[in-house]
Amino acid sequence: MSKEPRKLPFDCEILDAGPVEVQNPYSGEKYTLEPDAVAVYDTIKGAESMGIHKIVQQGCDWFREHEPRAYMVLLD
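Here goes a summary of the coordinates provided. (Residues numbered from 1 in each chain as written. Predicted model: local features only at pLDDT ≥ 70, side-chain atom pairs only at ≥ 80, totals over all residues. Heavy atoms only, no water.)

Between its terminal C-alpha atoms helix α2 (residues 53-66) stretches 20 Å, which fits the 20 Å expected from 14 residues at 1.5 Å a residue. Taken as a whole, α2 has its buried residues at Val56, Gly59, Cys60, Trp62 and Phe63. All buried residues of α2 lie within an arc of 160° about the axis, which places them on one face of the element. Turned more than 90 degrees off the buried face of α2, the exposed positions are His53, Lys54 and Glu65. Against β2 (30-33), α1 (35-50) and α3 (68-74) lie the buried residues of α2. (Helix = DSSP H or I, 4+ residues; strand = E, 2+ residues; numbered from the N terminus. Expected span 1.5 Å × (residues − 1). Buried < 20%, exposed > 50% of the residue type's maximum accessible area, 1.4 Å probe, protein only. Arc of directions from axis to C-beta. Contact = heavy atoms within 4.5 Å.)

Here it is as structure tokens:
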């Protein structure tokens, strides 16, 4: 039984075929994300670096809803 794809908070490209371990650049903690969550995370980090607060907020809201534990490790 396959999982139904989650609706992403914005357009982003899913590049990975399987789960990826992501490291919080500040705490060093790691969390394994599904490919869709990696795409959202990467978009959040890019938007942070460019000061695009709306995208950061939309992505963080998505993480709090769909990946609350990953949010606490990687983005909180």
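Now, onward.
The next subject is the nonpolar core. Leu33, Val40, Tyr41, Phe63, Leu74 and Leu75 are the most contacted members of the largest nonpolar core, which totals 20 residues. When residues of this core are traced back to their parent elements, those giving at least two are α1, α2 and α3. In terms of residues, this core owes the most to one element, α1, which gives seven residues. Filtering out sequence-adjacent residues up to four positions away, Tyr41 remains in contact with Val22, Gln23, Pro25, Leu33, Phe63, Leu74 and Leu75. (Core = buried A, V, L, I, M, F, W, Y, C linked by side-chain atoms within 4.5 Å.)

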